[in-house]
Amino acid sequence: MKEMALENIAGAIMENEKQDRLEQVLADGEMILNRVNARLDKINKLQKKMEDTLKAFEGTVYLKEWKLEKEGVK
């Protein structure tokens, strides 16, 4: 009977350790996903800024070409 009780206790301890390890792995995974998400947000903001800058540059080039065409230089 004592042996059976010890086996049950040992089994319960092993289950608790497995559960603790699982919770730690899940927490680590969540932390990694949060970091990746933050990096993606930064990349998306940078891409948007670059797209806006490109639009502004293209607009400036178009305006200069239009002015030159209007003046008859082309």
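Residues numbered from 1 in each chain as written. Predicted model: local features only at pLDDT ≥ 70, side-chain atom pairs only at ≥ 80, totals over all residues. Heavy atoms only, no water.

### Some points on the overall build of the protein chain
Operational definition: The way it works is that DSSP assigns letters per residue, a run of H or I at least four long becomes a helix, a run of E at least two long becomes a strand, and they are numbered from the N terminus. As defined in this context, the radius of gyration uses C-alpha atoms, and a globule is described by 2.2 Å times the residue total to the power 0.38. Three labels apply to residues, based on accessible area from a 1.4 Å probe with only protein chains included: buried if under 20% of the type maximum, exposed if over 50%, partly exposed otherwise in between. For the purpose of counting charges, residues Lys and Arg are taken to be positive, whereas Asp and Glu are taken to be negative. His and the chain ends are not included. Charge positions come from single atoms, namely NZ of Lys, CZ of Arg, CG of Asp or CD of Glu.
When helices and strands are counted, the protein chain shows one helix and zero strands. Scaling as 2.2 N^0.38, a compact globule of 74 residues should have a C-alpha radius of gyration of about 11 Å, whereas the protein chain reaches 32 Å, well beyond that. Once the C-alpha set of the protein chain is aligned to its principal axes, its extents read approximately 105 × 10 × 5 Å. Taking all 74 residues of the protein chain together, the buried fraction comes to 0%. Looking at the protein chain, you have 14 positive and 15 negative side-chain charges, and the mean spots of the two groups are 12 Å apart.

### Some thoughts on a nonpolar patch on the surface
What counts, and what does not: Surface patches are defined over residues having more than 30% relative accessible area and no salt bridge, joining like charges when they lie within 9 Å and nonpolar side chains (Val, Leu, Ile, Met, Phe, Trp, Tyr) when within 5 Å. Computed by Shrake-Rupley with a 1.4 Å probe, the accessible areas treat only the displayed protein chains as cover when residues are assessed. Definition used for salt bridges: Asp or Glu carboxyl oxygen within 4 Å of a side-chain nitrogen of Lys or Arg.
On the surface, a cluster of nonpolar side chains totalling about 350 Å² of accessible area is made up of Ile32, Val36, Leu40 and Ile43. Mapped onto the fold, isoleucine 43 is located in helix H1 (residues 2-71).

### Considerations on H1
To be explicit about the condition: One less than the number of residues in a helix, times 1.5 Å, gives the span that helix is expected to have.
Look at H1: 103 Å from first C-alpha to last across 70 residues, which is about the 104 Å you get at 1.5 Å a residue. Just downstream of H1, glycine 72 is the residue with a positive phi angle, here 85 degrees.

### Observations concerning the environment of glycine 59
Structurally, glycine 59 is set in helix H1. Among the residues examined, glycine 59 registers a relative accessible area of 36% and is labelled partly exposed. Through-space distance from the C-alpha of glycine 59 to that of leucine 26 is 49 Å; in sequence the pair is 33 residues apart.

### Section: the pattern of salt bridges
Per the stated rule, a full pass over the model turns up one salt bridge. Two residues, lysine 48 and aspartate 52, come together in a salt bridge whose shortest N-O distance is 3.1 Å. With lysine 48 and aspartate 52 both in helix H1 and four residues apart, the pair spans about one turn of that helix. Taking relative accessible area as the criterion, aspartate 52 reaches 36% and is therefore assigned partly exposed.

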